[in-house]
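For reference, the chains in residue letters:
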Amino acid sequence: MNSRIGYIAFNTFREAVRDRVLYNLIAFALLLSGAAILVGEISIDIERLVVVNLGLTAVSLFGVVIAIFIGIGLVSKEIDKRTLYTVLSRPVRRWEFVVGKFFGLTGTLVVNTFLMAIGVFLALLYVAHRFEKMDVWVLVALYFIVLQFLIVCALALFFSSFSTPLMSAVFTFALFVIGNLAEDLRGFAKITQGVGGWIATAIAYLVPNFSALNVISQVAHGDAVPGRLILYNSVYTLLYSAMAISGAVLIFQRRNLK
Amino acid sequence: MRMIATRRVNLVATSVLLFSMAGGMATLSAIDHLRRGSVAQEALYLRSSKVLRRMSLGYTGLLADIYWTRAVQYFGEQHHSGSGDFRLLAPLLEVTTELDPRLVPAYQFGANFLAPKPPNGAGLPGAALSLMKYGIEHNPDQWRLYYNLGFLYYTEFKDFAKAADVFAQGAKLPVTNEFMPILAARMAQHAGEFDTARMLWFTTYQSTKEARIRQNAVDHLLALQVDEDVTRLEQVVEKYHQQTGRFPAGMGDLERAGFIHGTPADPKGRPYKLTRDGRIEVQDPKSIFFITKGLPPGATPPQPPRENPPASK
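Since we're looking at a predicted model, the values are computed, not measured.

## Let's talk about the overall build of chain B
- When its secondary structure is counted, chain B shows 13 helices and two strands.
- Relative to its length of 313 residues, chain B is extended, with a C-alpha radius of gyration of 27 Å against a globular reference of 20 Å.
- Its C-alpha atoms give chain B principal-axis dimensions of about 105 × 50 × 30 Å.
- Counting all 313 residues of chain B, 35% fall into the buried class.
- Within chain B, contacts between residues separated by at least 24 positions form 51% of all contacts whose residues are at least 6 apart in sequence.

Structure representation (C-alpha cells):
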C-alpha cells in the first residue's frame, strides 16, 4: 500500500476513534454479559447458543450500522469541512483518497470486531466454563462478518461519492436488506420466465450476497464451515468490494468539487 | 449569582428527570396491569415462520432462541397461574423449531410441556408427537430425541410396540445411551413396569443438566420407590391374611412371621403405616410428590408446588 493511502487510512481510523465510535463496545459488553447471566434464568438449555447467536448478531449489526453511518460521511464531511481541498492540494490523488478512506474505515471495524470477539469468547467461557473444539468455527463466522463489513463499507463509500449522506444511508441499508434476501431473489429469478427472468437474474447476481456470509446459526450448533466456502467468500468479497470502490473512484474522479 | 442560577437549573433538571423516570415506570406498570394477559401473549407472536425468517435478515438463530425463551416463559406463566390455557404453546414451539430446526432443547422440553395432562402440561400429546417427529426428521443423529419420543409413546399413548421400535432406532445410533437397547427390549416384552419406569426416569435424569428437569426426575424416582414398596408390602399383608385369617396388627407381626426384616420406611426415612384393614400408607402423603399408592382413601396424588416461570415439566 502506498504511504499516502496509509496516512489517509490511519487518519480516518484516528478520527473514528476520536468520534467515540468504539463506545458501542460498552453497549455490546452490557448486552452480552446481561444475556449470558440472564438466559440461564429465563430459558432452558440454550446458554451457549444464545451467547453465539446474540454475540455474533450484535457484532454484525453494530458493525453494519457503524459502516453505514461513518461510510456515508467519509467524503461529504471532508467537503463540508473543506478539509478535502487541503488534502487534494497536496500530492494526493483522488483515488488514493477514496481507497485510503476505505481502508481506514475497515480498519476501525476490524479493531472493533476484534474487541467484540474477545467479549464473545469471554461470555462463552462464562457459560460453558471451558472452550471446545467447535468454538473455532465462531472465529470463521467472525471472519465472514468482517467480510460483510468490507462490502458494506465499499457500498457506503460508493453511494457517498455521488449522493447526499441521507440518500447514501438509505441506498446502502436497502442493499444490505436485499443482499440478505439474495437466496429468495435467486429463487424468484429461477421461476420467472422471459425478460423478467433475465432482469431478475441480473439483479440477483448484482446485489451483494450477504446470506452466504451469514453462518451464525450453523456455528452456533458447532457445525464446521467448509474450507471452499471460506475461500469463495473471501474471493467474492474482494471482487465485490473492488467493484464498488472502483465505481466510487470513477465517480469521484469526475466529480466537480468546486 | 451565575453559579447559583446554574445550580438551580441543575437541581430542577435532576428533579424533573427523577420524577419523570419514576412516573413513567409507574404509568407503564399501570398500563401493563390494565392489559394483563394480552400483552404477554401477543408480544413476539407471529405465526408464519417464513415471514419471520425474511424479517430476521438471516439472523434466524437468535430469533429462534427468543421464541424458545418466549415458549418457556409462556408455559411457566400459564402453569404458575393455573389457568390451564396453553393454546399458544404449540404454535410458539412450531415457529421456534421452523426457525431453527436444530434447536434440540425445544423438542426435548417442548414435548414435555405439551404432552402431560393439565396442570403439569398442556394435555396435547398429539402436538408433542408431531413436534418430536419433526425433530427427529431434522436431527436424525440425536439419541435424546428418540428417547423422548419413546418416552412419549410409553407414558401418554401406552403404545409399547412403537416405543420399543423408537428406542431400538435410537440404540443403533453411533452416539447413544447405554439404556436405550435395554429400554427397547423391555418395551417389546412389556415387562417389569416399575423397573422400566425407573430406567426411563433415570435416563431422563442422566440426559440433562437442567436442575428443574433433574429434580422432577428425582421426584418421580422417589414416587416409584413408594409405589413399588406399597405394592410389595400389601402383597405380603395379603399373604399373612390368607395364612392367619386376620390382618396383622402392626409391622411387628409381619416381622415375627418372617415376611419382612426390620421396619420398612419410605425414601424420606419415615416408616410405612399399616392400617387396620390391611392397607399400607405413607406417614406424610404431602412429602412425596406423584405417588399413586400409599395414600389415605380419597386422597389425590400430591403435586409439586407451582413455580415461577420457567417451570419444570
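## A closer look at the nonpolar core
- If you look at the biggest cluster of nonpolar residues, it comprises 144 residues, and the most contacted ones within it are Ala-67 of chain A together with Leu-89 and Leu-114 of chain B.
- Examining the composition of this core, we find that 18 residues originate from one element, helix H7 (residues 136-160) of chain A, more than from any other.
- Taken together, domain 1 (39-111) and domain 2 (209-313) of chain B each give at least three residues to this core, which thus spans both.
- Ignoring anything within four residues of it in the chain, the contact list for Leu-114 of chain B reads Leu-89, Ala-90, Gly-121, Ala-122, Leu-124, Ala-127, Ala-128 and Leu-131 of chain B.

## Some details on the environment of Leu-173 of chain B
All names here are of chain B.
- Examined against the element boundaries, Leu-173 turns out to sit in the loop between helix H9 (160-171) and helix H10 (179-189).
- A C-alpha to C-alpha distance of 23 Å links Leu-173 and Arg-198, two positions 25 residues apart in sequence.
- Leu-173 has contacts with Asp-141 and Trp-143, leaving out every residue within four places of it along the chain.

## Concerning the domain arrangement of chain B
- Segmentation of chain B into domains returns domain 1 (39-111) and domain 2 (209-313).
- Taking only C-alpha atoms, the centre of domain 1 of chain B and the centre of domain 2 of chain B are 39 Å apart.

## Description of the confidence of the model for chain B
Residue and element names in this part refer to chain B.
- On average, residues of chain B carry a pLDDT of 83, and 91% of them reach 70 or more.
- At the low end of the mean pLDDT range in chain B sits helix H2 (residues 38-42), at 50; at the high end sits helix H7 (residues 125-138), at 95.
- In the predicted structure, residues 309-313 sits below a pLDDT of 50 and forms 23 contacts with residues beyond four places in sequence or in another chain.
- Confidence estimates for the predicted assembly give a pTM of 0.75 and an ipTM of 0.79.

## A closer look at the packing of helix H6 (residues 104-114) of chain B against H7 of chain B
All names here are of chain B.
- Where H6 contacts H7, the two axes come as close as 8 Å, and the packing angle between them is 170 degrees. Regarding the angle of H6 to H7, the classification is roughly antiparallel. Residues Tyr-107, Gly-110, Ala-111 and Leu-114 of H6 lie in contact with H7, whose contacting residues are Ala-127, Ala-128, Leu-131, Met-132 and Gly-135.
- Looking at the contact of H6 with H7 residue by residue, the class counts come to seven nonpolar, two polar and no charged.

## Thoughts on the interface of chain A and chain B
- At the interface, 21 residues of chain A touch 18 residues of chain B.
- Elements with a contribution of two residues or more to the side of chain A that touches chain B: helix H3 (47-71), helix H8 (165-180) and helix H11 (216-220) of chain A.
- Considering each element in turn, the side of chain A that touches chain B owes the most residues, five residues, to H3 of chain A.
- In terms of residue class, the side of chain A that touches chain B is built from 11 nonpolar, eight polar and two charged.

## Concerning helix H10 (residues 194-206) of chain A
- Across its 13 residues, H10 of chain A extends 19 Å between first and last C-alpha, which sits within 8% of the 18 Å expected from 1.5 Å per residue.
- The buried fraction of H10 of chain A is low, at one of 13 residues.

## Here's the deal with the packing of helix H6 (residues 94-128) of chain A against helix H12 (residues 227-254) of chain A
All names here are of chain A.
- At a closest axis distance of 9 Å, the pairing of H6 and H12 adopts a crossing angle of 140 degrees. Relative to H12, H6 is oriented oblique. In this structure, H6 meets H12 at a crossing whose hand is right-handed. Residues Arg-94, Trp-95, Val-98, Val-99 and Phe-102 of H6 lie in contact with H12, whose contacting residues are Ile-245, Ala-248, Val-249, Phe-252 and Gln-253.
- Among the residues forming the contact of H6 with H12, the class breakdown is eight nonpolar, one polar and one charged.

Reading guide: rules and limits
- Residues numbered from 1 in each chain as written.
- Chains lettered and ligands numbered in written order.
- Predicted model: local features only at pLDDT ≥ 70, side-chain atom pairs only at ≥ 80, totals over all residues.
- Helix = DSSP H or I, 4+ residues; strand = E, 2+ residues; numbered from the N terminus.
- Rg over C-alpha atoms; globule rule 2.2 N^0.38 Å.
- Buried ≥ 20, exposed ≤ 12 C-beta atoms within 10 Å, placed from the backbone.
- Contact = placed C-beta atoms within 7 Å.
- Core = buried A, V, L, I, M, F, W, Y, C linked by C-beta atoms within 7 Å.
- Domains from an automatic or database assignment.
- pLDDT = per-residue confidence, 0-100.
- Axes fitted to C-alpha atoms, helices over the stretch in contact; angles between N-to-C directions.
- Parallel < 35°, antiparallel > 145°, perpendicular 65-115°, else oblique.
- Nonpolar A, V, L, I, M, F, W, Y, C, P; charged D, E, K, R; others polar.
- Expected span 1.5 Å × (residues − 1).
- Left-handed = near helix turned anticlockwise from the far one by under 90°.

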